[in-house]
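In case you want the letters, here they are:
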Amino acid sequence: MRVADCAPAQGVAGAGHSLLRERVCARTLRWIAAAVALGLAGHLVVLLWAQHDFTPVEALVALHSNMFAEGEGLYWGVNRHPYTISPYGPIFYAVSGWLQHCGVPAYQSGRVLSFAALLASLYFCWRILGHLTGNRFARISGVILAASTANVLFWGTVGQTDLLACCFSLAAFDAYLRSRGGGEAKHLVLSGFLVVLAVFTKQTFLAAGGAVAIGLLWEDRKRAAWWIPAMTAVGAGIAFALNAVTHGGYFEDAVWANINPFAWYKLTQHIQYLILSGAGVIVTALAGAWRMSRRTAPLYIYAGLATGIWLATAPKIGSDLNYQVEMSVALAMCAAVGLDRLEFFSVLFSARRQWITLLQIPLLLHVGLNLLLTARVVAERALMEPYKRAETETLRPFVERPGRLFSTHYDSLVRYRGRIEVEPLIYGLLVRAGVTDPAPVTRDFTTRQFATVILAENVFAPGQGDEDAEMAHLPDPLIEAIRNNYKVVRQVDGPNTVYIYEPRN
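What you see is a predicted model; the values in this text were computed from it and never measured.

What counts and how
Residues numbered from 1 in each chain as written. Predicted model: local features only at pLDDT ≥ 70, side-chain atom pairs only at ≥ 80, totals over all residues. Heavy atoms only, no water. Axes fitted to C-alpha atoms, helices over the stretch in contact; angles between N-to-C directions. Helix = DSSP H or I, 4+ residues; strand = E, 2+ residues; numbered from the N terminus. Parallel < 35°, antiparallel > 145°, perpendicular 65-115°, else oblique. Left-handed = near helix turned anticlockwise from the far one by under 90°. Contact = heavy atoms within 4.5 Å. Nonpolar A, V, L, I, M, F, W, Y, C, P; charged D, E, K, R; others polar. Patch = residues over 30% accessible without salt bridge, like charges linked within 9 Å, V, L, I, M, F, W, Y side chains within 5 Å. Areas by Shrake-Rupley, 256 points an atom, 1.4 Å probe, with all protein chains shown as cover. Salt bridge = Lys/Arg side-chain N within 4 Å of Asp/Glu carboxyl O. Lys, Arg positive; Asp, Glu negative; His and termini not counted. Charge placed at Lys NZ, Arg CZ, Asp CG, Glu CD. Buried < 20%, exposed > 50% of the residue type's maximum accessible area, 1.4 Å probe, protein only. Core = buried A, V, L, I, M, F, W, Y, C linked by side-chain atoms within 4.5 Å.

1. A word on the packing of helix H7 (residues 162-179) against helix H13 (residues 297-313)
- Where H7 contacts H13, the axes come no closer than 11 Å and their chain directions differ by 155°. As the angle between them shows, H7 and H13 are arranged roughly antiparallel. The two elements H7 and H13 meet at a crossing, and its hand is right-handed. Residue-level contacts link Ser169, Leu170, Phe173 and Tyr176 of H7 to Pro298, Leu299 and Tyr302 of H13.
- Tallied by class, the residues present in the contact of H7 with H13 amount to 6 nonpolar, 1 polar and no charged.

Printed below as a string of structure tokens:
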């Protein structure tokens, strides 16, 4: 028998093996997607069930949303009562406050909003990848990589602004991609509108708008000539209008009070977590960058800008892992596009021996590790809930007591007061920076205007809290006023040990 006679049979066999490997890949992706969906379901159950804060900032956002819904406004400024800062745009506060006004519990109003934004963000990831690649496996992989990232799921189930802002940014980028190549101008207008929504949800979500502007300058300067000035004018107009309505409070709260001191150990913490949980995605995204095309370049620009914003803001005191959310989602999409540009799936299905197939190792490690992190977060939230409930119930008589209350225990304020008078951490930072005058609050302590004081430290133990820049440590004048006019009446041990003070005599 001649070799030529065997070729068709070998070709059929090769095609059959390729089809089999494709089916195995599809089945594997379905199983991974099911595990990711299980993690989402676990988060959903816990966020609906838990009645206490997941993060201190979540409690503050719930308080500000409730105060806004009750007509007490937002953006009080750095030298006006109440001495608390609303550091984000008004959109999340308004929607969450409206939900609270309609009867939705305080924490669930923000969490449900964030979870809906998380699901919408994954949908826009699918749409964005559809504009950039025709490979179905690459699109599915990108959505799975984003949805499996534990940090994205964590902040997508907390009542904070990040996922709603991210959702608006991704929607804006999707609308821009629809307008490319001479598409309808209405999509570009929609993109600009969504960019504005993203920025006025959280000010740092500028990457999508920047990517659209750069993309237009590169591809369609006629449209760039009206889009960039129009968006700048609209954004500036809204910002100045908000500032005028709040008598200067918007710029003071959302801009100047947000410029916290920097500490480089914060950036080190961020980088350590990013390497631990995102190295696989980063490696794949960088590998695909070498094959970047004109079609996929805007996505890499978006990811680069999001990374730059993260590097510029992560080192500040008070930053948390939510600063990585937009960058993580953008890198997941870049990894998916990189797989397509490297022809990863065709090489994998044909069993060709190329280094590209090794990328499945870091990607599977990414998914596996992040699923474990997600399971840990869900379990920790469920296990901590009874302890937080007991702690907050112990504080209830003191929080509900008539009279003014100064408290660092924000969760009990959400449960039993619905408002806050002084936010110790930011207030302390602003006083030390010389921005806020401590005299009014010091005078209130000196004249014993607060019927109850709840602090995370015992002020009669000198120096406690000084070494931790992120602890709500009060300025020295307030500490001295409390020492002279208040006494400790109880210590409450729990997830957050606190000390309860009452006026002397």
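2. A word on a positive patch on the surface
- A grouping of Arg23, Arg27, Arg30 and Arg136 is seen on the molecular surface, where their side chains present a positively charged patch.
- Top element by residues in the positive patch is helix H1 (residues 3-49). It accounts for 3 residues.
- Checked against the element boundaries, Arg27 lands in helix H1.
- Look at Arg27 and you get partly exposed, because its relative accessible area is 43%.

3. Section: the environment of Asn505
- For Asn505, the position within the fold is in the segment after strand E4 (498-503).
- For Asn505, a relative accessible area of 94% translates into the label exposed.
- Sequence spacing of Asn505 and Gly338 is 167 residues, and the spatial spacing of their C-alpha atoms is 70 Å.

4. Some points on the nonpolar core
- Core analysis: the biggest nonpolar cluster contains 105 residues, and Leu170, Phe173, Trp227, Leu299, Tyr302, Met333 and Phe345 have the highest contact counts within it.
- Dropping the residues within four chain positions of it, Met333 is found in contact with Cys125, Ile128, Leu129, Leu170, Leu299 and Tyr302.

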